[in-house]
Amino acid sequence: MTVQLGDTVPDFEADSTEGPIRFHEWIDGSWAVLFSHPKDFTPVCTTELGAVAKLKPEFDRRGTKVIGLSVDPVSDHERWAADIEQTQGVALNFPLLADPDREVAELYGMIHPNASDTLTVRSVYIIGPDKKLKLSLTYPASTGRNFEEILRAIDSLQLTANHAVATPADWQSGEDVIIVPSVSDAEAREKFPGGWTTLKPYLRTVPDPEHGKEASAKACC
Ligand code: BEZ
């Protein structure tokens, strides 16, 4: 099964390094990132889990829970966690799901038979508080992911969930954004009273609507 954008993500119960997890309950109205790893005790995965553990405060700052998955039992995960701490200099600080029977992997379409019949690819699912899939990525086993990019995508998803804007290529939080084409100039005057820049009738840019709020909150208190 493949999970597509806008679908409610499948619920499941699975064991993890932090005990049994019922996924929908665990999401509990937060943003969430579920990401899979081909196998325990593999080099790229070891570096990825260390990278996410180091970035955990950044996920927390975005109100986003993170959870990994690997098709091995919890007893293996626990032994691997010691290696991750030793080699990456940071302890695992989020749950790692055990999926030895590949039930969750199958449910989410994390096994791509042309890559491997038994190992998952590197899947990423960014899930909204409504438990709907907002973004997914698929990387092969040989290419480690850039988790700063996942954070950047969360910034865009959270901004565009609340404002009639889209974010341009390589956008970083605080930079100008694009007024979505479905908003007419008349509507834009109401939504963006500070004005905007028209480069083409279909390409109108406006300051990041959340950035001004942060600056004025800091100035005010
Ligand atoms: C790795 O994590 O290093 C890896 C896992 C499976 C295949 C290739 C690399």
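Definitions and cut-offs
- Residues numbered from 1 in each chain as written.
- Predicted model: local features only at pLDDT ≥ 70, side-chain atom pairs only at ≥ 80, totals over all residues.
- Heavy atoms only, no water.
- Helix = DSSP H or I, 4+ residues; strand = E, 2+ residues; numbered from the N terminus.
- Expected span 1.5 Å × (residues − 1).
- Buried < 20%, exposed > 50% of the residue type's maximum accessible area, 1.4 Å probe, protein only.
- Contact = heavy atoms within 4.5 Å.
- Pairing = 2+ DSSP bridges.
- Right-handed = clockwise from strand over helix to strand, strands pointing away.
- Phe/Tyr/Trp six-rings, centres within 6.5 Å; stacked < 30°, edge-to-face > 60°.
- Lys NZ or Arg CZ within 6 Å of the ring centre and 35° of its normal.

### Let's talk about helix α3 (residues 74–88)
Helix length check: α3 (15 residues) gives 20 Å between terminal C-alpha atoms against 21 Å at 1.5 Å per residue, within 8%. Turning to α3, its buried residues number three or more, namely V74, D76, H77, W80, A81, I84 and Q88. Contact partners of the buried residues in α3: α2 (43–61), β4 (64–70) and β5 (96–98). At the C-terminal side of α3, G89 shows a positive phi close to 70°.

### Let's talk about the pairing of strand β3 (residues 31–37)
The element β3 is largely enclosed, with a buried count of seven among its seven residues. Of the two faces of β3, the one lined by W31, V33, F35 and H37 and the one lined by A32, L34 and S36 are each fully buried. Relative to β4, β3 runs parallel, the two being bridged by seven bridges. Across the sheet, the residue bridging to L34 is I67, located in β4. Tracing the backbone out of β3, into α2 and back to the parallel element β4 gives a crossover that is right-handed. Sheet topology note: the β3/strand β6 (residues 122–127) ladder contains four bridges and is antiparallel. From the neighbouring strand, A32 faces β6, where its bridge partner is I127.

### Description of the packing of aromatic side chains
Under the defined criterion, the tally for this structure stands at eight aromatic pairs. For the ring pair F23 and Y108, a centre distance of 6.5 Å and an interplane angle of 80° mean the geometry is edge-to-face. Residue F23 is found in helix α1 (residues 23–27), and its partner Y108 is found in helix α4 (residues 103–108); the two are separated by 85 residues along the sequence. Residue classification places F23 among the buried positions, given a relative accessible area of 0%. Under the relative-accessibility criterion, Y108 is labelled buried at 1%. Both rings, one in F41 and one in W80, keep their centres 6.3 Å apart while their planes meet at 45°; by these two values the pair is tilted. Of the two residues, F41 sits in the loop between β3 and α2 while W80 sits in helix α3, which places them 39 residues apart along the sequence. One aromatic cluster is present, built from ring pairs that chain together F12, F23, W26, Y108 and Y125. Of note, K65 hangs over the ring of W26, and the distance from its end group to the ring centre comes to 5.2 Å.

Such coordinate-based values are descriptive only and should not be taken to indicate function.
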